[in-house]
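# Summary of structural features
Now for the letters of each chain:
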Amino acid sequence: MQKRIVVLTAVALAVLTPVAMTSAGFTDTTHAASRLVTASARLDEPPVYFNSASGSGLWITQSGELYLSGDRRAGDGAGGTTSNDAAPTKVAIPDDVRIIDAVGGSTDFHYPIGESWYAALDDRGRVWTWGTAQNAFNGEKGRDSIGRGRISQAEQYRAGLVITADRRVLSGIVRISRTENQVLALDADGNLWTWGSIDNIARPDGRNVATPYPIVSNDTCWTPGSGRCTPDSPDTAGKIRWRSVWNGANLGLGVGRNGLIYTWGWDNSNGLSSGQVHTYAPTLNEGANLTLFAAYPEIYRTGDGLVYDPKVQTTAQARHRTYVAIVTAMKDKVLPGCDGTIGQLDRVDDTCPVRQAAMFDLAGSFLLQNGALFTWAVNDARNGYAFLGRASTTDSTWSLDPTYRYAPGRVSIAGQPTTFRSYNATLTSVTAITTAGDVYGWGVNNFCQAIGRHLDGSVPCTTGIPAERVLLPTRITALDDVAVREIRTAACTTWAVTRDDGLYTWGGTQNVAAYDYAWCGRYPSGAQSFSFLNVNDPSAPALVFSRPLAEVATGTVRVK
């Protein structure tokens, strides 16, 4: 008897003809016809944890096979390009290699062109990459993000191993993440390997140059935008070993084994005041670290045992002196809870003070072990403050508190302190799970990507509302009776994975739109948004890639 497959991508859902089925129910045939059928095998795996490549989905089977679905104009990982509505492509990685996770991204401001790149980590600690055709716009950016040097377009389309400049295969990697056009890879010794394009690169010399091969970036600085962080720099804060790095957009964030927070990127700041400081090397973030010091005075102290207390250090000068003294005492240490490098499948860090982090366009965030979630904005640009989820970010009060948004502030719900278990973000919105298990969303919502419905519930999600933002955490009531285990995301799509491995989704438009980098759009015009759908239910609608999803975009759809 045939069974049904329901395959979800950031573009749409698909039902596939069962040809040479794998353990996930995908077909091995790259160009298999995609057509409606009455039955096929069910998809059992959710998509990868974070993939911001425009309009595409990354899927890993239980046996470690990697598939790419949706938009594959930038390369399908099997040596060519494939139409959006074709069956998912099995990425051409040797059969004896097991992939454990993958990430993806698209080059800035040119999403309609289909410039995307992908990186996958295997169980031997190696990184496989492919994507991004070279063209008149950002071809060099995409090629550098592949981390295999100056390779041809044909080579870009096929998955290959990342190599160093001396032609050695990069190995020993235990964790990968991404910023806009860069890949960040941590090895077991705590070395940060990075490669990619300009603007958000984290280089020890602080140069804003393309980096087509992996380089080690363990040198740090005190001050954003100070330039080189090598030992001969007057601003050097020393070499460190890394505990974790986290996914971001135009900002990157890493945590050292010393328990301190470092940031970098085009949208970096000091975490204290308004000001976009382009930074191309890891630098200490004063505002973020002061938040840590206030939360954990038993851990972060000066050499004389003094602690940071803003009620005691009442001036900016006194607070800064205490900050410098604590960092000086801490930066060469290893915190017991931060020793070692967390692995790829560790979605949260259970022992270091920073539990999780996610970086956005012109904004940043991190979650502490005590469940407090903090966010901050770099400046007043609209595509930053929508991520904050805090009271002073509403349009009516945005100008009333000029300092509140630039330093990390705690996210609360209805004015009450709230603790969160975990969270994740698309390129336009945030979804967080409280310790009580409730799910909240906020951010840009022009195609329902923040909360799975429009604020005016009578408007279907297939209708875009250009300026719609959900500025404060809003409960996603469609999940009230669902035990959600974790949130997974793509550029404009969110998935809730349940404790019994069910899967709900919302959002789903094709691209982040143009220069603002924080609004979802439709490129090509066939891509549609969709609201809640349980993709594991055998009665889920049979829909092909890029077919308009008016059948299910009616608000909340419960099909199980």
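Now for a description of the structure that goes with this document. (Residues numbered from 1 in each chain as written. Predicted model: local features only at pLDDT ≥ 70, side-chain atom pairs only at ≥ 80, totals over all residues. Heavy atoms only, no water.)

## Observations concerning the state of the cysteines
Going by this rule: When two cysteine sulfur atoms are found within 2.5 Å, that pair is recorded as a disulfide. Any residue under 20% of the maximum accessible area for its type is buried, any over 50% is exposed, and the rest in between are partly exposed; the area is computed with a 1.4 Å probe on protein chains only. Secondary structure elements are defined from DSSP: runs of H or I of at least 4 residues count as helices, runs of E of at least 2 residues count as strands, and each element is numbered from the N terminus.
In this structure the tally under the stated criterion is three disulfides. Across the disulfide from Cys 221 sits Cys 229; the S-S distance is 2.1 Å. Note on the Cys 221 and Cys 229 pair: the S-S dihedral is about -125°, so by sign convention the disulfide is left-handed. We classify Cys 229 as buried; its relative accessible area is 0%. Across the disulfide, Cys 338 is cross-linked to Cys 352 (sulfur-sulfur distance 1.9 Å). One disulfide, between Cys 338 and Cys 352, carries an S-S torsion of 90° and so falls in the right-handed class. Pair noted here: Cys 338 is in the loop between α4 (316-330) and β21 (354-359) and Cys 352 is in the loop between α4 and β21, with a separation of 14 residues, a long-range link. Neither Cys 338 nor Cys 352 differs from the other in exposure class; each is buried.

## Some thoughts on the sheet that holds strand β7 (residues 99-106)
In plain terms, the rule: A pair of strands counts as paired when DSSP detects no fewer than two bridges linking them.
Spatially, four strands are ordered β7-β8-β9-β10 in an open sheet, and the strand pairing comes out antiparallel. The strands lining the two open edges of the sheet, one partner per strand, are β7 and β10 (160-161). Across two bridges, strand β9 (residues 127-131) lies against β10 in antiparallel orientation. Within the sheet, the bridge partner assigned to Trp 128 lies in β10 and is Leu 161.

## Digging into the pairing of strand β17 (residues 242-246)
Most of β17 sits out of view: five of its five residues are buried. Note: β17 against strand β18 (residues 252-256), four bridges, orientation antiparallel. Directly across from Ser 244, in β18, lies its bridge partner Val 255. Where β17 hands over to β18, the hairpin turn is made up of five residues, counted between the paired strands.

## Describing the sheet that holds strand β4 (residues 56-60)
Reading across from one edge, β4-β5-β6 is the order of the three strands in this open sheet, with antiparallel pairing throughout. Across the chains shown, the open sheet's two edge strands, defined by having one partner strand only, are β4 and β6 (89-90). Pairing of β4 with strand β5 (residues 66-70) involves five bridges; the strand directions are antiparallel. Across the sheet, residue Ser 56 finds its bridge partner in β5, namely Gly 70.

## Let's talk about helix α3 (residues 286-295)
Quick reminder: α-helices carry 3.6 residues per turn. Residues three or four places apart thus point the same way. For clarity, the cut-off: Two residues form a contact once any of their heavy atoms are found within 4.5 Å. In the analysis that follows, any N or O atom pair within 3.5 Å is treated as a polar contact, provided that within protein one partner can donate a hydrogen and the other can accept it, and provided that, for residues neighboring in sequence, both atoms belong to side chains.
The buried fraction of α3 amounts to eight of the ten residues, a majority that puts the element mostly inside the structure. By the burial criterion, the buried members of α3 are Glu 286, Gly 287, Ala 288, Asn 289, Leu 290, Thr 291, Leu 292 and Phe 293. In the core, the buried residues of α3 are packed alongside β19 (261-265), β20 (279-284), α4, β21, β22 (363-368) and β23 (373-377). The N-capping residue of α3, defined by a side-chain oxygen 3.4 Å from the backbone nitrogen of Gly 287, is Asn 285.

## Here we look at the packing of aromatic side chains
Each aromatic ring pair is characterised by the separation of its centres together with the angle its planes make. The cut-off we apply is this: Aromatic pairing here means that ring centres of Phe, Tyr or Trp (its six-membered ring) are within 6.5 Å. Orientation follows from the plane angle: under 30 degrees is stacked, over 60 is edge-to-face, and everything else is tilted.
The final tally for this structure, using the stated rule, is ten aromatic pairs. Measuring from centroid to centroid gives 5.7 Å for Phe 366 and Phe 374, while their planes differ by 25°, and the two rings are stacked. By the ring-pair criterion, three or more aromatic residues cluster together here, those being Trp 222, Phe 293, Tyr 300 and Tyr 323.

## Considering the pattern of salt bridges
Rules: Any carboxyl oxygen of Asp or Glu that lies within 4 Å of a side-chain nitrogen of Lys or Arg is treated as forming a salt bridge with it.
Scanning the model with the defined rule gives 19 salt bridges in all. A salt bridge links Arg 347 to Asp 101, with the nearest nitrogen and oxygen atoms 3.1 Å apart. With Arg 347 in the loop between α4 and β21 and Asp 101 in strand β7, this residue pair connects regions lying 246 residues apart in the sequence. The class for Arg 347 is buried, based on a relative accessible area of 16%. Classification of Asp 101 as buried rests on a relative accessible area of 3%. Close ionic contact of Arg 355 with Asp 350 constitutes a salt bridge, the shortest N to O distance being 3.0 Å. Using a relative accessible area of 15% as the deciding quantity, one classes Arg 355 as buried. Residue classification places Asp 350 among the exposed residues on the basis of a relative accessible area of 55%.

## Notes on the side chain of Thr 426
Relative to the helices and strands, Thr 426 is located in the loop between β27 (420-425) and β28 (429-434). Note on Thr 426: relative accessible area 3%, which makes it buried. A distance of 2.9 Å separates the side chain of Thr 426 from the backbone nitrogen of Thr 428, its partner in a polar contact. Separated by 2.9 Å, the side chain of Thr 426 and the backbone nitrogen of Ser 429 make a polar contact.

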